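# Report on the structure
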Amino acid sequence: MLQRTHVVLSLVLGALLMVSAATGLVLSTGTLYEHFQVAPSAGQNVAEVVERIAGQVQGIERIERAPSGELRVIFSNATESDTVIADPVTGLVMGPYQPSVFLSWVRNLHRELLLGEPGRWLSGMAALALLILVVTGCWLLARRLGGWRQLLRPIPDRGGLLYWHLVLSRWTLPVLAILAVSGLYLAAISVGMVDDGQDVAPVYPAAGYSAPAAEIGSLPALRNLDLQDLRELEFPFDPLQANFYTLRTASGDGFVDASTGQWISYQEHGFTKRLYENLYELHTGAHSPIWTFFLAGASLCLLLLSGFGLLSWWHRKRMARVLSDNAPADQAQVILLVGSQGGTTWRYARQLHQQLSSNGLAVHCANMNQLQPHYPGAKQLLVLTSTYGDGQAPESASAFLGRLSLSKLGPELQVAVVGFGNSQFEHFCGYAQEVEHQLQQRGLRPLLPLHCIDRNALSELNQWARALGEKLRVDLHFTEQTPPETGQQLELLSRELFGEDSESPAAILRFGVKPLRRSYGLFLVRNPASRYAPGDLLSIRPGSDLAPRLYSIASSDEDGVLEVCVRKHPAGLCSPMLHGLQVGDCIEGVIQPHPEFRPSAGRHPVILVGAGTGLAPLIGFVRKNTHQRPLYLYWGGRNAQSDFLYQAQLNEYLADGRLTQLGLAFSQAAQPMYVQDRLQQDAGELVLLLKQGAQVLVCGSREMAEGVRLALKPMLQQLGLSIEQLRLQGRYREDVY
Ligand SMILES: Cc1cc2nc3c(=O)[nH]c(=O)nc-3n(C[C@H](O)[C@H](O)[C@H](O)COP(=O)(O)OP(=O)(O)OC[C@H]3O[C@@H](n4cnc5c(N)ncnc54)[C@H](O)[C@@H]3O)c2cc1C
Ligand SMILES: Cc1cc2nc3c(=O)[nH]c(=O)nc-3n(C[C@H](O)[C@H](O)[C@H](O)COP(=O)(O)O)c2cc1C
């Protein structure tokens, strides 16, 4: 409901909001420019400055102080009538006042869309829409980050428009809320719905103030008024009839006797007027350059947020269009929900949708995050989902379990879940298993048991298709799909070999990446996948019809090379092929982002634990630690003489502070030791680090990770914690194979 309100409102009033944001940006930039044009007038009193101006200009009617501090002098004498501007510090007349025609037009567009009264109502609606968007956006953000208390925690970088939408909105929501509330109030005033307190005026002087005027510079009321508090000073219209000044200040308005310089009457601003002044100030940043700067930033962000929002909506629409015959959710017989991050699962979902629909079934297909509370006409629910991270949900299913817990789905639906995963990962199809479990808990009846597909194996998938076909009495069959992303061209630039004499040596391989260019009509665009950071994965197929193997990347695209560290499995397919490469040879690979396996933002200590080639992403994190955040690296190898990967670099990073401490363990040393033993040796220090909020990242073999968990368990127990709790806090992450 919240999400729908957010999207519908953004779409309906998107154009209006974008006009408001763009004009707001121009206006605040204009105000900022004015602030920098005018020297600040600290400590000047009104009498002094006005006296100097009066010495240069005859027939002054009024002096206005603009919010930027600029003084505008309106005069009329026998020869001319005009407005000039005066320097607030020196009182010198600087020239004629020439307001920008463009800015006036933009202001008019911002306030009333150049439409007069109806435009003011529309602007008010834009402000109201912004307020609703801010509230629903805040709610959605809290929900996505796991609660209101988590609002400040780092947003998982999954790339894409949604990530930037979340990052930008988090920092701008408070300023946008202020802009929305103040904008709504000002719009309500402009259409006469709310009083601005202007009609509470000081008592007009009774007749009799016609004594000769004194020198203006000597008048006490003006001498006691700081120039910064002046709003407007009106000169007597006819000095012989009414010899008093009308004075408007920041705190109140009144009349000043021109001969004695005393207040004749004074009316302090009431609550309504002060409210108006403060909200006007908040909306325009008129008196504060710093606040104006924030407003300009917020307007720019609002423009970007509207743009990102519209683009993601268009993207979703395009996805939906690809599925012709997608039945509406409330009329479908079969619901097909898809959890995907890289898009592979969607390709199979489309095939399934097409075949079921062409057999006369009304099928509704959507992302898992779009789960509805209730499907009135549906009998079967099919869920196809991949798994990411440590058995986590893919992007398009991140909110599924939360929505499921609020839904009304029950035994009226039969369900079949298919997991798409990779058995190289510890939690093979871990998320699909969790989804299956939760659906069973809600009482949905099983249509088919959970089916896990390893690396998109077509034979396994068709086994499931046959079983489903029998249940639904249709003929179903999946065919191979060519992946949309073609790989990067990788040219081997250098290789370093370790443990050459052993059966399974390791090699550090550095590749040059040739950015693939895709064409979009007339445009050639750099493939975004050629961006990578330590911890991301390189996927390589040892043969065209073989499943890809993954390798952790140790470098980032900024380093100019793609570095991996590969252990040779003598009877394996991919690793011997990589070890056999010569400098200059080229292969194809696909870079897969893996933002879950990275130190989280902040200054908390990080404990890196790895063995063998598991060092690859860890050394990358150390290399990037130029801000010298406390980093503790524990690494286990076989032999200190022949198998010590990155030895020289590790010493260099220890010396320059990128690495705080290095703990080594060698299994073939005189006193054999594994990395988990080394952790136990430092238990005291590690407990202290964990107490300070340290994050633990583990990379390498499954057996090693198991040993590390066992070693950490008693340390965490001392702090009343467990590995699972640490995992939930995002402080324990594994990349094991
Ligand atoms: C997230 C992740 C990150 C990884 N990062 C790295 C990394 O940085 N560095 C690295 O070196 N590896 C890494 N791997 C492992 C890598 O993906 C491969 O699994 C590894 O290189 C072996 O691939 P292969 O093709 O050489 O062996 P495969 O052909 O996949 O064989 C795997 C093993 O099975 C054995 N085997 C194969 N066929 C048979 C058979 N018929 N009968 C019995 N045994 C058999 C082989 O001897 C071999 O030991 C990572 C894996 C994952 C999941
Ligand atoms: C960074 C990363 C993490 C992964 N983690 C897991 C995992 O924990 N368990 C698993 O079974 N598969 C894992 N996979 C494999 C994907 O689930 C699998 O490739 C799937 O087919 C991707 O489908 P999608 O493109 O639709 O998202 C991971 C893949 C990547 C790139």
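Residues numbered from 1 in each chain as written. Chains lettered and ligands numbered in written order. Predicted model: local features only at pLDDT ≥ 70, side-chain atom pairs only at ≥ 80, totals over all residues. Heavy atoms only, no water.

### What about the site of ligand 2?
As a matter of local geometry, ligand 2 sits amid 23 residues, with Ser 340, Thr 344, Thr 345, Cys 429 and Gln 592 nearest to it. Here an oxygen atom of ligand 2 sits 2.8 Å away from a polar atom, N or O, in the main chain of Gln 341. Within the backbone of Thr 387, a nitrogen or oxygen atom sits 2.7 Å from an oxygen atom of ligand 2. Protein burial of ligand 2: of its 650 Å² of free accessible surface, 95% is covered by the chains. Split by residue class, the shell around ligand 2 holds seven nonpolar, 16 polar and no charged. (Near = heavy atom within 4 Å. Polar contact = N/O pair within 3.5 Å; in protein donor to acceptor, adjacent residues only side chain to side chain. Areas by Shrake-Rupley, 256 points an atom, 1.4 Å probe, with all protein chains shown as cover. Nonpolar A, V, L, I, M, F, W, Y, C, P; charged D, E, K, R; others polar.)

### Some points on the nonpolar core
Counting residues in hydrophobic clusters, the biggest one holds 32 residues, and the most contacted among them are Leu 130, Leu 141, Ile 155 and Leu 176. At the level of secondary structure, the elements contributing two or more residues to this core comprise α2 (14–37), α5 (117–145), α6 (160–190) and α9 (289–322). No other element matches the nine residues that α6 contributes to this core. Beyond its immediate chain neighbours, meaning those up to four positions away, Leu 176 contacts Leu 130, Val 134, Ala 298, Leu 302 and Leu 305. Formed by 28 residues, the second largest nonpolar core is a distinct cluster that contains Tyr 348, Leu 461, Trp 464 and Phe 478. (Core = buried A, V, L, I, M, F, W, Y, C linked by side-chain atoms within 4.5 Å. Buried < 20%, exposed > 50% of the residue type's maximum accessible area, 1.4 Å probe, protein only. Helix = DSSP H or I, 4+ residues; strand = E, 2+ residues; numbered from the N terminus. Contact = heavy atoms within 4.5 Å.)

### So, helix α8 (residues 271–284)
Its 14 residues give α8 an end-to-end C-alpha distance of 20 Å, which sits within 8% of 20 Å, the value for a rise of 1.5 Å per residue. Count one or two residues on from α8 and you reach Gly 285, which has phi positive near 65 degrees. (Expected span 1.5 Å × (residues − 1).)

### Concerning the UniProt feature "domain: Flavodoxin-like" (unreviewed entry) in the protein chain
UniProt tags residues 334–469 as "domain: Flavodoxin-like" (unreviewed entry). This span, residues 334–469, is 34% helix and 24% strand, and a straight line between its end C-alpha atoms measures 13 Å. (UniProt positions renumbered as here; feature names shortened; annotations may be inferred.)

### Some remarks on the packing of aromatic side chains
Aromatic ring pairs are described here by two measures, namely the spacing of the ring centres and the angle between the planes. In the structure shown here, the tally under the stated rule is 13 aromatic pairs. Their ring planes at 75 degrees and their centres at 5.4 Å tell us that Tyr 204 and Phe 255 sit as a pair that is edge-to-face. Taken together, the residues Tyr 204 in the loop between α6 and α7 (220–223) and Phe 255 in strand β7 (residues 252–257) connect sequence positions 51 residues apart. Classification of Phe 255 as buried rests on a relative accessible area of 8%. Judged by centre distance (5.4 Å) and plane angle (65 degrees), the rings of Phe 644 and Phe 666 are edge-to-face. Taken together, the residues span a long stretch of sequence, with Phe 644 in the loop between β24 (631–637) and α16 (647–656) and Phe 666 in strand β25 (residues 661–666) at a distance of 22 residues. Residue classification places Phe 666 among the buried residues on the basis of a relative accessible area of 11%. Among the aromatic residues, those joined into a cluster by ring pairs are Tyr 204, Phe 244 and Phe 255. (Phe/Tyr/Trp six-rings, centres within 6.5 Å; stacked < 30°, edge-to-face > 60°.)

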